[in-house]
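# Secondary and tertiary structure notes
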Amino acid sequence: MTKRFYVTTAIDYVNGEPHLGHAYEKVITDVIARAHQSLGEEVFYLTGLDEHGQKVQQAAEAAGLDPQAYCDQLATTWQTFVDRLGLSNNDFVRTSGARHRESITAILNHLNEEGHFYKDSYQGYYSTQQETFLTDKDRGPDGQFDPIYGEVTELVEENYYFKLGWHQQWLIDYIEANPSFVYPSCRRNEVLGFLKNNTLEDLCITRPKSRLEWGIPLPFDPEFVTYVWFDALANYASIPAALGDPILNKLRAPNLVVDSSLSLWPADVHVIGKDILKFHAVYWPIMLRAMDIPLPHQICVHGWWQKDGEKMSKSTGNVVNPLEVIDEWGLDAFRYYLVRELDIGPDGNWTDQGFQARYAAELANGLGNLVNRSLSMLNRYRASLVPKPSEELATAVSQAVSEVKKELQQHHLQAALQTIWTLITKTNQYIDQTAPFKLAKQPDQKERLDEILYNMVETVRVLAILIWPTLPTTAERIFAQLKMDGSPNRLADAVWGQITEGHEVGKPEPLFPRKDLAK
Ligand code: MSP
C-alpha cells in the first residue's frame, strides 16, 4: 500500500460568500494536487466547509432556519463554486456531517481520558465575529479592541481547557529541527518568534450550551459543545479516519471499517492563508502530538489578495467576483492569472488591467498563437500530417521540462509558469526567425520546412503536458486538436519525440479568443 499525496485547503466558513481569496487558495492547492498527479503519484485533495459556531447559529436564526437547514442551503453554493473552479478534489468535508462528528467525539474522549483537559471558570471578553476570547493585551493603544473583532462582550463562564503549555518547548524544538514544516520561512520565523516570546495559554475548547448550541456536543459533559476551531482543525484527519486510513484508528468511530489499502495520513501539505497560521502551526500540531499521531509534513502559507491596492470589501464594491471573471474570460485564464501573478507567500494585488494584459500577451498572443500557427501550418503545408522527427528544439524543451519538474516538486508554481512561458516565447521567436511561411513557397526548402514543422508541433505537445496542472482544460483542448490519445496529465510523457511521423493532427480552434477591450 503506497501512501497517497494528501493535500488540503482551509475549510471555509459556510456563512461567507465565496470570494477571490477562497478561489486562490483552492486553485493553488489544485495546481499542487495536479502537479503531483502529473509526477506519477496518487493524490488525495480535500476541501470543504467549516459549519459550526456562533456566527452560523446567529445567521440561521436571522434567516428563520434551523442551523442544519441553513448550512445545507449554503453548502450548495460552495459546492457549485468548487465545480466552477475545475478542482480535482477527491472529497468535500462538511463539519456538520456525521463522518466528521464521530471522529471529533473520538478525539475528545481520547484526550479527556489521557488527562489533557481540565474545567475552569473564565471572566473576560469574547468576540463572536472571530469566535475567540480576548484579553486586555488585545486592546489597541486607544484602549479599544480592533474593529476586526466586531462586537466584543464581557462574560463569565465555565469551560474546558486543553493543556498547551506541556508542549511548548517540544514544538519550538520540532519547528527548529524541521525547517520545511512551515513554508515560507518568514512564516516559520513568525511562529518561532511567537512561541519563544510568549507563554502559551491553555486553549478553551468548549462553549456552554446555554450560549451556543450549534456545535459538536462534548461527549463527557452534555452542558457543552466543542469550540469551532478545535472542531474545524480536526477535519484534516477526521475524513481520512472515516474513510478507513489505519494510521488513524484512534479517531475512528467504532462502527466504521478499517480500509487497509488506504494510506493518506500524515497530510503532505495543508495550504492556508496567513491569518490562520497560529491555529495550524501551534494548536493543530499540539492536538496531534497529544493524540500521538504523526504531524503533517508542511503548512504552506499564502498571502492575501487586495484589489487595486486596497482591501477587498463588499461595502465599497471593491471586489473581484471569481465567477464573473470566469464567465467572461474562461476558467483557465482566471487560474493562470492567480498562479502567475502571485507566488505562494507574499500578498497580491488584482488589477483588471493586469489581468487583461496577461490575457492578451501571454495567453492569446503567447500560447494561443503558438498552438494556432503550429497547427495551421501543418494543416496547410503538410495536409495535417506530422513530418519526420527532428531534434532542433529537443534540448531547449527537455531543459525546460526538467526545470518545471523541479519547480513543481518544490511547489514553486509561479516559477514553473515563468519557465513554461519562456519556452513559449522562444518557440514563437524560432518560428519568426526560421520563417516557415516563407520556406513553404520554396520547393527546394521542403526538408527544412519539415524540420521546423516537426519542432513546432512536438513543442506544442510537450507544452500541453507542462501546463496541465494550472490550465487543465486548455491542455486537454490542445491534446484534442493534436488528436493525441489519452490525457496530458503525465509529466513522464513530456519526452521529446513522442509525436510520430505520419500522425494526423486536427484543426486549430482559438484557445483564448482576442477580446475587443474598447467595447
Ligand atoms: N474556517 C476558517 C478556517 C478553518 S481551517 C481548519 C477560516 N475560514 S475563511 O472562510 O475565513 O477563510 C478560508 C481561507 O481563505 C483562509 O485560509 C484565508 O486565509 C483565506 N482567505 C480569506 N480571504 C483572503 C484573501 N483576501 N486573500 C487570500 N486568501 C484569503 O478562516
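Just so it is clear, the model here is predicted, and its values are computed rather than measured.

### Overview of helix H5 (residues 168-177)
Buried within H5 we find Gln168, Leu171, Ile172 and Ile175. Along the axis of H5, the buried residues cluster in a sector spanning 100°; they form a single face.

### Side note on the domain arrangement of the protein chain
Each assigned domain of the protein chain is listed with its residue range as follows: domain 1 (5-302) and domain 2 (324-493). Each of domain 1 and domain 2 has a C-alpha centre, and these two points are 40 Å apart. In this complex, domain 1 contributes 29 residues to the contact, which on the side of domain 2 involves 27 residues. Surface buried jointly by domain 1 and domain 2 totals about 2,400 Å² across both partners, of which 65% is contributed by carbon and sulfur atoms. Put simply, domain 1 and domain 2 have 3 salt bridges between them. Where domain 1 touches domain 2, the interface holds 8 residue pairs in polar contact (both at pLDDT 80 or more). Within the residue set of the side of domain 1 that touches domain 2, elements represented by two or more residues are helix H1 (20-38) and strand S13 (298-302). For the side of domain 1 that touches domain 2, the element with the highest residue contribution is H1, accounting for 13 residues. Residue composition of the side of domain 1 that touches domain 2, by class: 17 nonpolar, 7 polar and 5 charged.

### Concerning the packing of aromatic side chains
Counted according to the given criterion, the structure contains 31 aromatic pairs. Ring geometry for Trp170 against Tyr174: centres 5.9 Å apart, planes inclined by 35°, an arrangement best described as tilted. In this pair, Trp170 and Tyr174 both sit in helix H5, 4 residues apart, roughly one turn of the helix. Owing to a relative accessible area of 24%, Tyr174 belongs among the partly exposed residues under this scheme. Measuring from centroid to centroid gives 4.7 Å for Tyr336 and Trp421, while their planes differ by 45°, and the two rings are tilted. Of the two residues, Tyr336 sits in helix H11 (residues 331-341) while Trp421 sits in helix H14 (residues 413-434), which places them 85 residues apart along the sequence. Taken together through their ring pairs, the aromatic side chains of Tyr24, Trp305, Trp329, Phe334, Tyr337, Trp350, Phe355, Tyr359 and Phe512 make up a single cluster. The cationic tip of Arg211 hangs over the ring face of Tyr126; the distance from NZ or CZ to the ring centre is 4.4 Å.

### Remarks on the environment of Glu362
On the secondary structure map, Glu362 appears in helix H12 (residues 352-382). Assessed through its relative accessible area of 19%, Glu362 is described here as buried. Sequence spacing of Glu362 and Trp421 is 59 residues, and the spatial spacing of their C-alpha atoms is 7.5 Å.

### Considering the site of the ligand
The environment of the ligand is made up of 23 residues, and the closest members are Ile11, Glu25, Asp50, Gly273 and Asp275. Residue Tyr13 places a main-chain N or O atom 3.2 Å away from an oxygen atom belonging to the ligand. Surface burial for the ligand is 94%, taken as the share of its 660 Å² of free accessible area covered by protein chains. Contributions of two or more residues to the shell around the ligand are made by strand S2 (12-13), H1, helix H7 (228-233), helix H8 (235-243) and strand S12 (269-273). For the shell around the ligand, a count of residues per class yields 11 nonpolar, 8 polar and 4 charged.

### Description of the packing of H12 against helix H16 (residues 446-467)
For the pair H12 and H16, interaxial distance at closest approach is 10 Å and the crossing angle is 140°. Considering the angle they form, H12 stands oblique to H16. The chirality of how H12 crosses H16 is left-handed. On H16, the residues touching Leu367, Leu370, Val371, Arg373, Ser374, Met377, Leu378, Tyr381 and Arg382 of H12 are Lys446, Leu449, Asp450, Leu453, Met456, Val457, Val460, Leu463 and Ile467.

### Some words on the packing of H12 against H14
Remark: H12 packs on H14, axes separated minimally by 10 Å, with the N-to-C direction vectors making an angle of 45°. When the axes of H12 and H14 are compared, the pair comes out oblique. Once H12 is placed against H14, the crossing between them reads as left-handed. Residues Glu362, Leu363, Asn365, Gly366, Leu367, Asn369, Leu370, Arg373, Ser374 and Met377 of H12 touch H14, and the partners they reach there are Trp421, Ile424, Thr427, Asn428, Ile431 and Asp432. Among the residues forming the contact of H12 with H14, the class breakdown is 7 nonpolar, 6 polar and 3 charged.

Definitions and limits used
Residues numbered from 1 in each chain as written. Predicted model: local features only at pLDDT ≥ 70, side-chain atom pairs only at ≥ 80, totals over all residues. Heavy atoms only, no water. Buried < 20%, exposed > 50% of the residue type's maximum accessible area, 1.4 Å probe, protein only. Helix = DSSP H or I, 4+ residues; strand = E, 2+ residues; numbered from the N terminus. Arc of directions from axis to C-beta. Domains from an automatic or database assignment. Contact = heavy atoms within 4.5 Å. Buried area = accessible area lost by both parts, 1.4 Å probe. Salt bridge = Lys/Arg side-chain N within 4 Å of Asp/Glu carboxyl O. Polar contact = N/O pair within 3.5 Å; in protein donor to acceptor, adjacent residues only side chain to side chain. Nonpolar A, V, L, I, M, F, W, Y, C, P; charged D, E, K, R; others polar. Phe/Tyr/Trp six-rings, centres within 6.5 Å; stacked < 30°, edge-to-face > 60°. Lys NZ or Arg CZ within 6 Å of the ring centre and 35° of its normal. Near = heavy atom within 4 Å. Areas by Shrake-Rupley, 256 points an atom, 1.4 Å probe, with all protein chains shown as cover. Axes fitted to C-alpha atoms, helices over the stretch in contact; angles between N-to-C directions. Parallel < 35°, antiparallel > 145°, perpendicular 65-115°, else oblique. Left-handed = near helix turned anticlockwise from the far one by under 90°.

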